Amino acid sequence: MTSVNPTAIGTSPRRIDGRLKLTGAARYTADHARPGMLHAHGVYSTVAAGRLAGLDLDDARRVPGVVDILHHGNFPRLYRAPKVPISVATILTSAITDEHRLPFEDETIHYGVQMIALVVADTFEHAREAAYRVRATYETATAVFDLEHGVENNGLRDAGAGHTRGDAAAAFDASPVRIDAVYRTPVEAHNPMELHATVAWWDDGHLYVHEATQGATGHRNTLAQIFGLLPEQVTVDCAFLGSGFGSKLFLWPHSVAASAAAQVTGRPVKLVVPRMAMFSTTGQRPETRQHLRLSAGKDGKLTSMRHESVNTTSFVDQYVETCGSMTQSAYGCANVTVTHHTTNVHRGAPTSMRAPGAAPGLFALESAVDELALACKMDPVQFRLLNISTRDESQDLPWSSNHLREAIETGAREFGWAARDPRPGSMREGTEYIGYGMAGCNWDAWRTPAEARVLLRNDGTALVSCAVQDIGTGMYTIVAQTISELTGLPFDKIDVRIGDSSAPAAPVAGGSWATASVLPAVAEATRQAIGELCKYATEEGAPFAGAKPAALRMQDGKLTDGKRSADHGEILTGRRYASAEGFAHTGGTPTDKVAFMSFGAHFVEVRWDPGISRLHVSRVVSVIDVGRVIHPVTARNQVEGAIVMGIGMALFEATEYDERNGMPGNNNYAEYAVPVHADQPDINVILLDYPDLEFNEFGARGIGEIGITGLAAAVANAVYHATGVRIRELPIVKEKLMEP
């Protein structure tokens, strides 16, 4: 990449969407209204298993303003989107649903708080009141309420995505130091601040949707499949998103229901999913049970690793939480076995949640590695340094870039690990026991196809168009940085339009692949637009007539041959052109000759006061190797947010289900505990900033996921150091430390 404004990439300009968000001018999905718009509210099941026997709608229909009530008996006949694996190569054309079953497709109750009807009325208040007046009767069945109950009743299903090399079982049996332990993680709710929402309307056979989505292109493709339309007959818009953490990657039943209601009524319909339903109908991280068997020689070198996991999935869909995805390549080890299984329970469909697979998987793996290090009588830092993988042994490929050793050593130094007394419970300050823990963190580096269009306009500005979402992480700004880097234009002359499916196609903003995928497309489109401008500038009568286009370059927003310069707007105006345009389609992960991954290490201090039963994380140092850092402030903020989310995973979060009926019991913000301001530790994020130019021209890998991976294990390891109690089941609540 030829840079003409090296102060753009790698710096931290003010976010270009910041003023809109701070002043309330940014419009999220539920902020939109249409003339004549109706409001919809779901009716949700009060049992978790069985069959819907009947709906008494008479009282609901008497509520003023009720226009229609949709249910199994009168819902339009739609089409299922085919079940296809998510493919990086086809992600721009894929149609993906998280819950494959269509709304009201049958009368079976598959999970608690399942939408069983939809009331449409003139106001939100009328729709909600009528929904509460719908009377449902059920033929109930015994609910399968958790993972162990699922295994007992339904057994295990091989979920694939495993890995084997060497003979892990034989190596384990022959090794002098062994760890054999089971780790468990509960159901976690995504709980983004913005509720899921849809505003849908039809116009001359075209479906228009405002949607809280992490992927406008994929959402459009899926709605087109379901309604039997061409993708060109559907437009999905999401200019601003109040985060999603994976729950808004793909389509859920409420979006289909709202779109169908708009078609049936002939009027726009807004549907906002209530918070309590988001614990069931828009995904969750599933419950896991993970059996780890690790072994090492007396010298501390790993000899075998077995990671066998089971996760819950719904009765409607097969979702695999690939807990062993990092285990197969995180450490150098000749004998490795990774397996994944699922079991069916009466819960809504699970889905990707920040660092799917790796977040729960590295809790188990990095806890077990800590236990093995102590069994070897080795410092956990030195044990990990000894066993660093110098290549991806799961693919037998060299790493494109790996600075994990530096991350661990830097983290240990900045944290003050050398002051750690290894004896559990030996470090105290006043009434508090202090624990130090650490863990490695990893996340795959992916890059997908993406498209972008860039216009250099005759008013002296640039316009970039791409369907990628800004999920709150700064995509608007880094796209502008890319154009500024190549053109020298200031940010106030760059118009970024994203989040609209009618724009050039883009992947979902998830998996930490949006930046690495979209910025190369934006850069190539920008270069093409500059190339077009150079042609116009060398035409007869133009400022550089007779010169070769290749002799020109763009600098400070002007075209120059090194001796003279001309504003690009003046060039276009003089030639009576509206703009110089560039369009690009760039590909996915570039090579199969190297392996790509991001690496890092977390160091955590916890404090435990047994007198008042108070446990908290007081300090975190995280050192992350994610290639080149595009915008350091927002990049660090991503890791800081992931760390806090990891603290939630470690100490607070768990969706609880009633063993008597399988219903969620704490599906609200009042009872589902998450970290608040008082729980924030002192956080120091260090980004190593080594460009990975094998991956893309910017050298940037994704950063959104890696910060949560390994964090829960670092907390658990610190808790053990402070208390001598090894917790293998999350969350680590104080009651577990108080048990005899």
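Residues numbered from 1 in each chain as written. Predicted model: local features only at pLDDT ≥ 70, side-chain atom pairs only at ≥ 80, totals over all residues. Heavy atoms only, no water.

With an unreviewed UniProt entry as reference, the chain is termed Xanthine dehydrogenase family protein molybdopterin-binding subunit, source organism Cupriavidus pauculus.

## Side note on the environment of Leu 486
Let me state the cut-off plainly: Note on conventions: DSSP H or I runs of at least 4 residues are helices, E runs of at least 2 residues are strands, and numbering of each starts at the N terminus. When a residue's accessible area, from a 1.4 Å probe over protein chains only, is under 20% of the maximum for its type it is buried; when over 50% it is exposed; and in between it is partly exposed.
Here Leu 486 shows up in helix H12 (residues 475-487). The exposure class of Leu 486 is buried, given its relative accessible area of 4%. As a C-alpha pair, Leu 486 and Ala 117 span 369 residues in sequence and 53 Å in three-dimensional space.

## Observations concerning the packing of helix H15 (residues 632-651) against helix H16 (residues 711-723)
Counted only if it meets this: In this description, a line fitted to the C-alpha atoms serves as the axis of each element, helices being fitted only across the stretch in contact, and the angle between N-to-C directions of two axes falls anywhere from 0 to 180 degrees. Each angle receives one of four descriptions, namely roughly parallel if under 35 degrees, roughly antiparallel if over 145, roughly perpendicular if within 65 to 115, and oblique otherwise. Handedness of each helix crossing follows the sense of rotation of the near helix against the far helix: counterclockwise by less than a right angle gives left-handed, clockwise gives right-handed. In what follows, a contact means two residues having at least one pair of non-hydrogen atoms within 4.5 Å. Gly counts as polar in this scheme, as do all residues outside two lists: the nonpolar Ala, Val, Leu, Ile, Met, Phe, Trp, Tyr, Cys and Pro, and the charged Asp, Glu, Lys and Arg.
At a minimum axis separation of 8 Å, H15 and H16 run at an interaxial angle of 55°. Between H15 and H16, the angle falls in the class oblique. H16 is crossed by H15, and the crossing has right-handed handedness. In contact with Ile 643, Gly 646, Ile 647, Met 649, Ala 650 and Leu 651 of H15, H16 contributes Leu 711, Ala 712 and Val 715. Residues of the contact of H15 with H16, tallied by class, amount to eight nonpolar, one polar and no charged.

## Points about the sheet that holds strand E5 (residues 115-121)
Adjacent strands of a sheet pair through backbone hydrogen bonds, lying either parallel or antiparallel. Threshold: Between any two strands, pairing holds if DSSP finds at least two bridges.
Sheet architecture is open: seven strands sit in the order E3-E5-E1-E13-E10-E11-E12, paired in mixed fashion. At either end of the open sheet lies a strand with only one pairing partner, and these are strand E3 (66-71) and strand E12 (234-237). Neighbour to neighbour, the strand axes of the sheet diverge by 20° on average, direction disregarded. Most of the contacts of helix H6 (residues 216-227) go to E12, to which it runs at about 145°, and overall it touches strand E10 (197-203), strand E11 (206-211) and E12. Sheet strands in contact with helix H7 (residues 253-265) are strand E1 (38-44), E3, E5, E10, E11 and strand E13 (269-272), and its direction is about 35° off that of E10.

## Description of the packing of aromatic side chains
Let me state the cut-off plainly: What counts as a ring pair is set by centres within 6.5 Å for rings of Phe, Tyr and Trp (its six-membered ring), and what kind of pair is set by the plane angle: stacked under 30 degrees, edge-to-face over 60, tilted for all other angles.
All chains considered together, the criterion is met by 17 aromatic pairs. On the numbers, 6.1 Å between centres and 90° between planes, the contact of Tyr 183 with Phe 363 is edge-to-face. With Tyr 183 in strand E9 (residues 177-185) and Phe 363 in helix H9 (residues 358-375), this residue pair connects regions lying 180 residues apart in the sequence. Phe 363 matches Tyr 183 in its accessibility class, with the two residues each being buried. Their ring planes at 70° and their centres at 5.4 Å tell us that Trp 202 and Phe 227 sit as a pair that is edge-to-face. Residue Trp 202 is located in strand E10, and its partner Phe 227 is located in helix H6; the two are separated by 25 residues in the primary sequence. Residue class for Trp 202 comes out partly exposed when judged on its relative accessible area of 22%. Since its relative accessible area comes to 10%, Phe 227 is described here as buried.

## Some thoughts on the sheet that holds strand E29 (residues 614-625)
Within the open sheet, the five strands sit side by side as E19-E20-E28-E29-E30. Their pairing is mixed. The strands lining the two open edges of the sheet, one partner per strand, are strand E19 (428-429) and strand E30 (682-687). Bridge count between strand E20 (residues 432-444) and strand E28 (residues 597-609): 12 bridges; the pairing is antiparallel. The partner of Tyr 433 across the bridge, within E28, is Trp 608. The sheet contacts of H16 involve E20, E28 and E29, and relative to E20 the element is tilted by about 155°.

## Here's the deal with the pattern of salt bridges
Side-chain pairing between opposite charges can occur once the charged atoms of the two side chains come close. The following threshold applies: What counts as a salt bridge is simple: a side-chain nitrogen of Lys or Arg found within 4 Å of a carboxyl oxygen of Asp or Glu.
Applying the stated criterion across every chain, the model contains 40 salt bridges. The partner of Glu 366 in a salt bridge is Arg 384, and the shortest N-O contact between them spans 2.8 Å. Separated by 18 residues along the polypeptide, Glu 366 in helix H9 and Arg 384 in helix H10 (residues 380-386) bring together distant segments of the chain. Exposure remark for Arg 384: the relative accessible area of 1% places this residue in the buried category. Of the charged contacts in the structure, one is a salt bridge between Arg 660 and Asp 658, with a shortest N-O distance of 2.6 Å. Salt bridges sharing partners connect three or more residues here, namely Glu 429, Glu 432, Glu 605, Arg 607 and Arg 619.

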